[in-house]
Amino acid sequence: MLTRLAIPTHEELYRVEDRESGLRGFIALHSTRLGPAAGGLRMRVYDGDDAAIEDVLNLSRGMSYKNAAAGLPLGGGKAVIMGDPAADKTSGLLRAMGRAINALQGRYWTAEDMGMSPEDMAEIARETRFVAGLDSGRHASGDPSPVTARGVFNAMRAGAAQVFGTTDLAGRHVAVQGLGHVGWHLCLLLHEARARLSVADMDPARVAGTVKEFGVTAVDPRAIHAAETDIFAPCAIGGILNPRSIPEIRARMICGAANNQLSGSGDAQALQERGILYLPDYVANGGGIINVAAEILQIDDRAPWVEERLTAMQARMTHILTRAKGEGVSPALIADRMVEDELLQTAV
Ligand code: NAD
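So, a few notes on the structure that sits alongside this text. The structure presented is a predicted model; accordingly, all values stated were derived computationally and were not measured.

As a further point, take the overall build of the protein chain. Of regular secondary structure, the protein chain possesses 12 helices and 13 strands. For 348 residues, the compact-globule estimate of 2.2 N^0.38 gives 20 Å, and the C-alpha radius of gyration of the protein chain, at 20 Å, lies within 12% of that figure. Out of the 348 residues belonging to the protein chain, those deemed buried represent 54%. Long-range contacts, defined here as pairs at least 24 residues apart, represent 63% of the contacts in the protein chain between residues at least 6 apart. Just so you have it, the protein chain exposes about 15,100 Å², and 49% of that area is on carbon and sulfur atoms. Mean positive and mean negative side-chain charge positions of the protein chain (35 and 42 charges, respectively) differ by 3 Å.

If you want it as structure tokens, here you go:
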């Protein structure tokens, strides 16, 4: 059921199969140098094994960077289930995945990701204790989105200090793309900070709800990246910063929650050349994993623990931005370098 596959770039990669429930998926542990590999479980339809493997390898590597950037004693891992969450998800399938995770004896901790819910995590928890993102239990961390939004908001303040000379966001015009779990909470924080908001979502009901709640301006979702604002906050999908969108961006700074905002290796440099400050996504959106980490590490007094790490994350962002400015390079490059140095320096 759990078959180890050879992979040079990652510590461990497994194929997970269970004939009875129809489970097909993969678990990847990119690095356990800083601690047990932690990262969510994603369920979606893939165009075959190769596509699923590529996704789990990229995502688990990304988690190593995100956990290190958040200053957590956790490595990077991820799991994927191949299938349609709406049609193929069953208790048997989730429990089979739980047994596979359990067999790794704590080297990998899972949590919620795309296609998964806290109820699904509870199902997995019937088979293993190496699962976080639960709704109930002594150390349950619940929905990470409000903490993710706080981290993004703090990062935005750090960026504003460099671009606009003040951390105060009052009167700043921010374009928020995606009004889901994180985007909505970010709008709330920005509204409280008296920022001006333009928003977009593919779901008209979410737009209507946000306009009603905060009296903001709705923008065509196809044009939100090009809105004439001070800050662009991508909080929806990955790959939004690409060769087509970058020339159209009019904001002076980009800071949002979405994972993998850059579509390719040249995008950070293209933004740098246009004089747009890009705040590395995996540093800005680390609040969610900090929230989950409190559950994995079984922190009893979670609120001050989380707060301390959010503050440290903001300081780290400021440090990255200062170094990037000093060297005249993209903050994305500095963030990658810092994390890679840390991962190499830490003894196994
Ligand atoms: P979500 O699914 O709750 O919300 C995403 C929203 O984006 C939805 O309302 C959807 O309709 C909208 N959307 C999708 N495509 C769009 C488009 N092209 N234009 C405009 N809107 C579009 O997701 P979420 O939990 O709010 O997460 C948002 C992003 O942040 C994702 O990329 C996620 O991976 C990342 N992230 C989330 C967390 C967290 O704590 N939830 C943590 C770290 C990173």
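Moving on: the environment of L169. Mapped onto the fold, L169 is located in the loop between α5 (145–164) and β8 (173–177). Assessed through its relative accessible area of 1%, L169 is described here as buried. Taking the C-alpha atoms as reference points, L169 and P221, 52 residues apart in sequence, are found 23 Å from one another. The contacts of L169, once residues within four sequence positions are left out, are F153, M156, R157, A160, L190, A193, R194, A195 and I231.

What follows covers the pairing of β8. Within β8, 5 of the 5 residues are buried, which leaves it mostly tucked inside the rest of the structure. Neither face of β8 is exposed, since H173, A175 and Q177 on one face and V174 and V176 on the opposite face are all buried. Taken together, β8, helix α6 (residues 181–192) and strand β9 (residues 196–200) form a β-α-β motif whose crossover is right-handed. Pairing geometry for β8 and strand β11 (residues 231–234), over 4 bridges, is parallel.

Turning our attention to the packing of aromatic side chains. All told, the structure shown has 3 aromatic pairs when counted by the stated rule. Between W109 and F130, the aromatic rings sit 5.5 Å apart at their centres with planes inclined by 80°, giving edge-to-face as the arrangement. Linking W109 in strand β7 (residues 108–109) with F130 in the loop between α4 (118–124) and α5, this pair joins segments that are 21 residues apart in sequence. Side by side, W109 and F130 carry an identical accessibility label, which is buried. When the centroid spacing of 5.4 Å and the interplanar angle of 45° are considered together, the rings of W184 and F214 count as tilted. Of the two residues, W184 sits in helix α6 while F214 sits in helix α7 (residues 204–214), which places them 30 residues apart along the sequence. When the ring centre of Y46 is taken as origin, the NZ or CZ atom of R44, which lies over that ring, is 4.5 Å away.

Helix length check: α6, at 12 residues, gives a terminal C-alpha distance of 17 Å against a target of 16 Å (1.5 Å per residue), a fit within 8%. The secondary structure elements touched by the buried residues of α6 are α5, β8, β9, α7 and β11.

Further remarks concern the packing of α6 against α7. With their axes 11 Å apart at the nearest point, α6 and α7 run at an angle of 20° to one another. The orientation of α6 with respect to α7, classified from their angle, is roughly parallel. Crossing geometry of α6 relative to α7 is assigned as right-handed. Facing α6, whose interface residues are W184, C187, L188 and H191, α7 presents T210, E213 and F214. Partitioned by chemical class, the residues of the contact of α6 with α7 number 4 nonpolar, 2 polar and 1 charged.

With respect to spatial proximity, 19 residues lie near the ligand, and among them T148, H181, V182, D201 and R206 are the closest. Contact between the ligand and T148: an oxygen atom at 2.7 Å from a side-chain N or O atom of the residue. At 2.6 Å from an oxygen atom of the ligand is found a side-chain nitrogen or oxygen belonging to H181. For the ligand, whose accessible area on its own is 830 Å², the fraction buried by protein is 75%.

Reading the values: the criteria
- Residues numbered from 1 in each chain as written.
- Predicted model: local features only at pLDDT ≥ 70, side-chain atom pairs only at ≥ 80, totals over all residues.
- Heavy atoms only, no water.
- Helix = DSSP H or I, 4+ residues; strand = E, 2+ residues; numbered from the N terminus.
- Rg over C-alpha atoms; globule rule 2.2 N^0.38 Å.
- Buried < 20%, exposed > 50% of the residue type's maximum accessible area, 1.4 Å probe, protein only.
- Contact = heavy atoms within 4.5 Å.
- Areas by Shrake-Rupley, 256 points an atom, 1.4 Å probe, with all protein chains shown as cover.
- Lys, Arg positive; Asp, Glu negative; His and termini not counted.
- Charge placed at Lys NZ, Arg CZ, Asp CG, Glu CD.
- Right-handed = clockwise from strand over helix to strand, strands pointing away.
- Pairing = 2+ DSSP bridges.
- Phe/Tyr/Trp six-rings, centres within 6.5 Å; stacked < 30°, edge-to-face > 60°.
- Lys NZ or Arg CZ within 6 Å of the ring centre and 35° of its normal.
- Expected span 1.5 Å × (residues − 1).
- Axes fitted to C-alpha atoms, helices over the stretch in contact; angles between N-to-C directions.
- Parallel < 35°, antiparallel > 145°, perpendicular 65-115°, else oblique.
- Left-handed = near helix turned anticlockwise from the far one by under 90°.
- Nonpolar A, V, L, I, M, F, W, Y, C, P; charged D, E, K, R; others polar.
- Near = heavy atom within 4 Å.
- Polar contact = N/O pair within 3.5 Å; in protein donor to acceptor, adjacent residues only side chain to side chain.

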